[in-house]
Structures are given as structure tokens and as C-alpha cells.
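Working through the structure, step by step
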Amino acid sequence: AGATYAYLLRAFGGLPAFLDTWTAAFVSLPAARAIMCLAFADYISRPFFDSVNITNASQNTSSAPIDDVDVMPAPTWLIKLIAAICVCILCAVNTYSVKLMARVQDISMVVKLLAIVLLIITGLVYIGQGNDHNIKNFFEGTNVTAARLGSAFYGGLWAYDGWDTVFFGAEEVDNVARIFPRAIGLGMSIVIVAYILANIAYMSLLSADGILNTSVIAVDAVRPVLKSAGALYIMPLLVAVSTFGAANGGT
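Residues numbered from 1 in each chain as written. Predicted model: local features only at pLDDT ≥ 70, side-chain atom pairs only at ≥ 80, totals over all residues. Heavy atoms only, no water.

1. Looking at helix α7 (residues 176-205)
In this model, α7 (30 residues) spans 42 Å end to end at C-alpha, consistent with the 44 Å of a helix rising 1.5 Å per residue. Buried within α7 we find Phe180, Ala194, Ala198, Ala201, Tyr202, Met203, Ser204 and Leu205. (Helix = DSSP H or I, 4+ residues; strand = E, 2+ residues; numbered from the N terminus. Expected span 1.5 Å × (residues − 1). Buried < 20%, exposed > 50% of the residue type's maximum accessible area, 1.4 Å probe, protein only.)

2. Describing the packing of aromatic side chains
Under the defined criterion, the tally for this structure stands at three aromatic pairs. Judged by centre distance (5.5 Å) and plane angle (50 degrees), the rings of Phe40 and Phe244 are tilted. Taken as a pair, Phe40 in helix α2 (residues 14-60) and Phe244 in helix α9 (residues 217-249) lie far apart in primary sequence, 204 residues in all. When its relative accessible area of 14% is taken as the criterion, Phe40 is described as buried. (Phe/Tyr/Trp six-rings, centres within 6.5 Å; stacked < 30°, edge-to-face > 60°.)

3. Points about the nonpolar core
Among soluble globular proteins, nonpolar side chains are generally buried collectively. Within the largest apolar cluster, 34 residues are counted, with the highest numbers of intra-cluster contacts made by Tyr43, Leu119 and Met235. Going through the elements one at a time, α2, α3 (76-96), α4 (98-128), α7 and α9 are the ones with two or more residues in this core. Filtering out sequence-adjacent residues up to four positions away, Tyr43 remains in contact with Ser215, Val216, Ile217, Ala218, Val219, Pro236, Val239 and Ala240. (Core = buried A, V, L, I, M, F, W, Y, C linked by side-chain atoms within 4.5 Å. Contact = heavy atoms within 4.5 Å.)

This is the structure:
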């Protein structure tokens, strides 16, 4: 057990290991949980505010399709309030019962995979309908530099994190030498395949500018195919449960 601390302690000594643990406890992990809770709040509020904005727009606009109407997110103060409530709920769940926390984690993992599968299928359907213009022109005008390439890799590292923190539970597992290599290998394989296919779906459903300008990429990605019901209700709720589970997993 000890995860990153044990690796750094063995490789570099006590001071780097202590500094990494201190930074994780007081800066990086709380900040990561806060970001996840803010994402949860943004997605969970989308069905209510997007549906109201689209309804009002459809009543006031006779020619524009509903799916082409720009929708507005919830007020910033409300998103922060929901995120704060989410943090309190996660603290209460983890304090009250480890079994309850594990059950929440299992449910969120299944929902997360459902959301990713739905996104991948949506992207494949969109491409199958002959809409391949986004993915064909996605890298048009790309200016590759070492700094931009490093920034791109850095942004993707978060998706593949977790292999080291799995060892926090090493002391609670029987036959660690047999179970953990299999868990890491299987888990990383699923993550790699799922996230590569999900990114292909994003690149087919949205343009590069569309990806850069959205804060709820999963909702905006499925909007062209799933129309109002899917974009307003199904995907936001799935992603909200997924982000709740992600925040719960690191609490």
C-alpha cells in the first residue's frame, strides 16, 4: 500500500515522497475533486435549463430548428452551489459506510461505460449516414510544435490516470500479486479502447472549434443524432452519474 508515495520513496527517497503526498492531500486531489463536482453540477442542471431555453426559443422562432438553437447553462452561482452539495454528500457517504461508497462506485462505473458506448454508437451512426466531413478536416491547418504536443499529451494523461492509486487498497485484497496485475491490465485495456473510440466519435460529431468552445462536450456531441431527448436528458444524466462516481472514487 502507499501507492505513489511508495514508488517515490523507493526511487528518490523520503523528501520527494513526502512533498508529493503533501501536495496531493492539500492541492491536487481536492482540486481534482472540485473540478469533477463542478462538471457534475453543470451536467445535472442541463436538462432543466436547456429544456426551458429550447422551449422558449421554439415558441419565439418559427423557422429555426430546435436543435440549432443555442442553449444556455445554469447560472454560475447555482452550479457552484450544486457542486458544494455534491462534495458534502460524498463526504457523508464515505464517512458513513465503505460498503455504500463501493456500491455507488460500482453503479457509476456501469453508467460510465453505458455513456461511452452510447457516445461511440452515436458517432458510428453519424459517420454511417455519410457525415464524415468533421473527421476528414479535423486536423486541417494543424501547427505541430513541441509545446503544443506536450500540452495535448498532458491533457490526455488524466484519462489514463489511476493505475498507481489502485494500490491504496492493496492491504485489503487477498493474493495481491495475482489480482492487481490482472486488474491493471484489464482496466487499462478497457480505458484505452473506450477512450480512443470515444475521441473518434467526438471528432466525427463535432468540429475542432466545436470541441474547443463547449463545456459539455458529450451533450453537444450527441445532439445532431439523438436530437432533443437524447441531448437534453439521456446523456447529461449519464455523464452526471459518471462524474459523481469519479469524484467518489478519489474521495
